[in-house]
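As a plain string of letters, each chain reads:
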There are 2 protein chains.
Amino acid sequence: MKSSNIKAVTHGVSLQDRWQKHGHKGGVLWFTGLSGSGKSTLAMALESTLFANKFEVFTLDGDNLRHGLNGNLGFSPQDRSENIRRAGEVASLFAQSGLLVITAFISPYVADRTRVRELVGDGFHEVHLDPGLATCEARDPKGLYKKARAGEISDFTGVSSPYEAPERPEVRIDTARQSIEQSVAQLVAYVEKVFRISDI
Amino acid sequence: MKSSNIKAVTHGVSLQDRWQKHGHKGGVLWFTGLSGSGKSTLAMALESTLFANKFEVFTLDGDNLRHGLNGNLGFSPQDRSENIRRAGEVASLFAQSGLLVITAFISPYVADRTRVRELVGDGFHEVHLDPGLATCEARDPKGLYKKARAGEISDFTGVSSPYEAPERPEVRIDTARQSIEQSVAQLVAYVEKVFRISDI
């Protein structure tokens with residue numbers, strides 16, 4: 001930490017106040033999985049459903065974030081870690097504002113995800129989207145696996161860069177066997193159980 | 001931009017939907033001013049009042065952010081610019097989630113603030129807290145001016161590092177002449193006028 005002469009300022013509005021206003025706790029649904037595992041698609045569908053169910057919800061997407069905050073990072077192991085560190089810090093800020101934030105990053109390294117889990121605390125819930133590499137590569141929605149196999153992209157997760165699967169994610173979804181609708185239903189049930197504050 | 005093979009994903013919930021739900025537009029109230037100008041104090045007081053008035057509001061504070069997202073940055077001109085670039089990107093993400101975000105950063109350089117203004121667009125409103133350097137130095141709530149004058153802190157804005165005042169901020173507040181309550185009232189009136197969506 002280079003910053004010094006810094007003291008944290010207490011917010012005027014407590015987290016409890018924010019939760020009561022929203023009718024649910026804030027926190028982070030951290031999606032992790034290979035390219036093509038359905039992270040962004042499922043995140044956007046879940047966001048729509050939760051918003052319709054009166055949740056304060058927002059999605060942080062790897063693709064979107066890399067255009068802005070993390071636009072000065074590449075795909076080396078060091079840059080990937082910094083990418084996830086920043087994403088985790090932003091997710092934590094959203095959770096502090098009382099929102100339920102869905103994040104959709106490949107986030108291939110256990111150490112990086114563990115650091116975010118420790119930062120966010122109880123509000124962190126890991127969701128592993130795992131249709132298997134073969135399915136992701138067959139889908140190849142952006143044609144990236146093809147380029148990676150051809151050597152046109154280096155450091156591509158699952159091909160030329162490792163993916164470290166979570167051992168004990170809070171939720172595991174086989175997006176090869178389940179439809180998007182089924183996966184959304186599974187996650188909505190989980191969110192209602194874990195985040196909703198009952199009136200009584 | 002180092003990132004490639006990236007395409008932006010469309011959110012499932014529109015900004016208009018979020019604004020309608022909240023009863024107000026999202027955006028950024030960007031406080032700028034010297035250390036001791038009252039940014040954090042006023043931000044927290046304003047946040048409390050707006051929350052009580054049913055706004056979805058959150059404060060990003062220079063002190064808080066430097067513990068986390070920007071903890072690996074110092075106070076060189078280059079690091080200050082990167083500090084504000086990241087803060088601006090995060091503020092923009094909050095605005096995209098429909099929140100009204102108050103930011104409290106010294107943000108001494110015109111170029112950095114202009115970049116955030118261009119990023120956020122119409123929702124960006126600059127608030128210059130300007131009690132004058134003499135008042136800030138007399139207050140010296142953290143004892144930093146004293147240390148800076150003694151040469152114990154380098155690159156200290158207003159003493160050994162420049163502060164470039166905004167020429168045309170949306171709001172200018174003389175926090176030496178006004179009480180905190182008066183300044184909050186001035187800003188609440190501005191926010192109600194600019195951000196509130198009327199029912200009719």
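In this text the structure is predicted, and so the values were computed from the model without any measurement.

> How would you explain the overall build of chain A if you had to name every residue and give the values?
A count of helical and extended segments in chain A gives eight helices and five strands. In terms of overall size, chain A behaves like a compact globule, its C-alpha atoms giving a radius of gyration of 17 Å where 200 residues would be expected to give roughly 16 Å. Principal axes of the C-alpha set define a box for chain A whose edges measure 55 × 45 × 30 Å. Across the 200 residues in chain A, those meeting the buried criterion constitute 46%. A separation threshold of at least 6 residues defines the contact pool for chain A, and within that pool the share at least 24 residues apart is 77%.

> Break down the environment of Thr49 of chain B for me, with residues and values.
Residues and elements named next belong to chain B. Within the fold, Thr49 resides in helix 2 (residues 39-52). What makes Thr49 partly exposed here is the crowd of 19 C-beta atoms within 10 Å. Linking Thr49 and Ala148, residues 99 residues apart in sequence, is a C-alpha distance of 34 Å. With sequence-adjacent residues up to four places away left out, Thr49 is seen in contact with Val184 and Val188.

> So what's going on with the sheet that holds strand 2 (residues 57-61) of chain A? Which residues, and what values?
Residues and elements named next belong to chain A. In spatial order, the strands read 2-3-1-4-5; together these five strands make up an open sheet with parallel pairing. Where the open sheet ends on each side, the last strands, each with one partner, are strand 2 and strand 5 (171-173). Going from strand to strand, the sheet's axes swing by 20 degrees on average, the running direction of each strand aside. Relative to strand 3 (residues 100-104), strand 2 runs parallel, the two being bridged by five bridges. Bridging from a neighbouring strand, Val57 pairs with Leu100 of strand 3.

> Requested: an account of unusual backbone geometry, with residues and values cited.
Non-glycine residue Asp155 of chain A carries a positive phi angle of around 55 degrees. Turning to its location among the elements, Asp155 of chain A is positioned in the loop between helix 7 (144-149) and strand 5. Overall, the presence of 14 C-beta atoms within 10 Å leaves Asp155 of chain A in the partly exposed class. Positioned with a positive phi, Asp140 of chain B is a non-glycine residue whose angle comes to about 35 degrees. With respect to the helices and strands, the residue Asp140 of chain B is situated in the loop between helix 6 (133-139) and helix 7 (144-149). The exposure class assigned to Asp140 of chain B is partly exposed, which follows from the 15 C-beta atoms found within 10 Å.

> Requested: an account of the pairing of strand 1 (residues 27-32) of chain B, with residues and values cited.
All names here are of chain B. Most of strand 1 is tucked away: six of the six residues are buried. As paired elements, strand 1 and strand 3 (residues 100-104) share five bridges and run parallel to each other. When the sheet's bridge partners are listed, Trp30 is paired in strand 3 with Thr103. Relative to strand 4 (residues 124-129), strand 1 runs parallel, the two being bridged by five bridges. In the sheet register, Val28 faces strand 4, and the bridge partner there is Phe124.

> Any chance you could break down the sheet that holds strand 5 (residues 171-173) of chain B for me, citing the residues and the numbers?
Residues and elements named next belong to chain B. Read across the sheet, five strands follow the order 2-3-1-4-5 without closing on themselves; strand pairing throughout is parallel. Looking at the sheet topology across the chains shown, the edges are occupied by strand 2 (57-61) and strand 5. Averaged over all pairs of adjacent strands, the angle between strand axes in this sheet comes to 20 degrees, irrespective of strand direction. Strand contacts of helix 2: strand 1, strand 2, strand 3 and strand 4, with the helix running at about 170 degrees to strand 2, the strand carrying the most contacts.

> Let's hear about the nonpolar core: which residues, and what values?
Counting 80 residues, the largest nonpolar core has Val90, Ala91 and Val101 of chain A together with Val90, Ala91 and Val101 of chain B as its most contacted members. Dropping the residues within four chain positions of it, Val101 of chain A is found in contact with Val28, Phe58, Leu60, Ala91, Phe94 and Ala95 of chain A.

> Let's hear about the packing of helix 4 (residues 77-96) of chain B against helix 5 (residues 110-120) of chain B: which residues, and what values?
Residue and element names in this part refer to chain B. At a minimum axis distance of 9 Å, the contact between helix 4 and helix 5 shows a crossing angle of 20 degrees. As judged from the angle between their axes, helix 4 and helix 5 are roughly parallel. Here the hand of the crossing between helix 4 and helix 5 comes out right-handed. Two secondary-structure elements touch here, helix 4 through Ser81, Ile84, Arg85, Gly88, Ala91, Ser92 and Ala95 and helix 5 through Asp112, Arg115, Val116, Leu119 and Val120.

> Now, about the confidence of the model for chain A: what can you tell me, with residues and values included?
Looking at chain A as a whole, its pLDDT mean stands at 92, while 93% of the residues score no less than 70. Scored below 50 in pLDDT, residues 3-9 of chain A shows 19 contacts in the model against residues more than four places distant or in partner chains.

> Any chance you could break down the environment of Ser37 of chain B for me, citing the residues and the numbers?
All names here are of chain B. As for its position among the elements, Ser37 is in the loop between strand 1 and helix 2. It is 8.3 Å that separates the C-alpha atoms of Ser37 and Ala176, two residues lying 139 residues apart in sequence. The contact partners of Ser37, leaving out residues within four places of it in the chain, are Leu129, Asp130, Pro131, Cys136 and Thr175.

> Quick one: what's the story with the environment of Thr59 of chain A, residue by residue and with numbers?
Residue and element names in this part refer to chain A. Mapping Thr59 onto the fold places it in strand 2. On the basis of neighbour count, Thr59 is assigned to the buried category, with 25 C-beta atoms found within 10 Å. Between the C-alpha atoms of Thr59 and Met44, which are 15 residues apart in sequence, the distance is 7.1 Å.

About the criteria used
Residues numbered from 1 in each chain as written. Chains lettered and ligands numbered in written order. Predicted model: local features only at pLDDT ≥ 70, side-chain atom pairs only at ≥ 80, totals over all residues. Helix = DSSP H or I, 4+ residues; strand = E, 2+ residues; numbered from the N terminus. Rg over C-alpha atoms; globule rule 2.2 N^0.38 Å. Buried ≥ 20, exposed ≤ 12 C-beta atoms within 10 Å, placed from the backbone. Contact = placed C-beta atoms within 7 Å. Pairing = 2+ DSSP bridges. Axes fitted to C-alpha atoms, helices over the stretch in contact; angles between N-to-C directions. Core = buried A, V, L, I, M, F, W, Y, C linked by C-beta atoms within 7 Å. Parallel < 35°, antiparallel > 145°, perpendicular 65-115°, else oblique. Left-handed = near helix turned anticlockwise from the far one by under 90°. pLDDT = per-residue confidence, 0-100.

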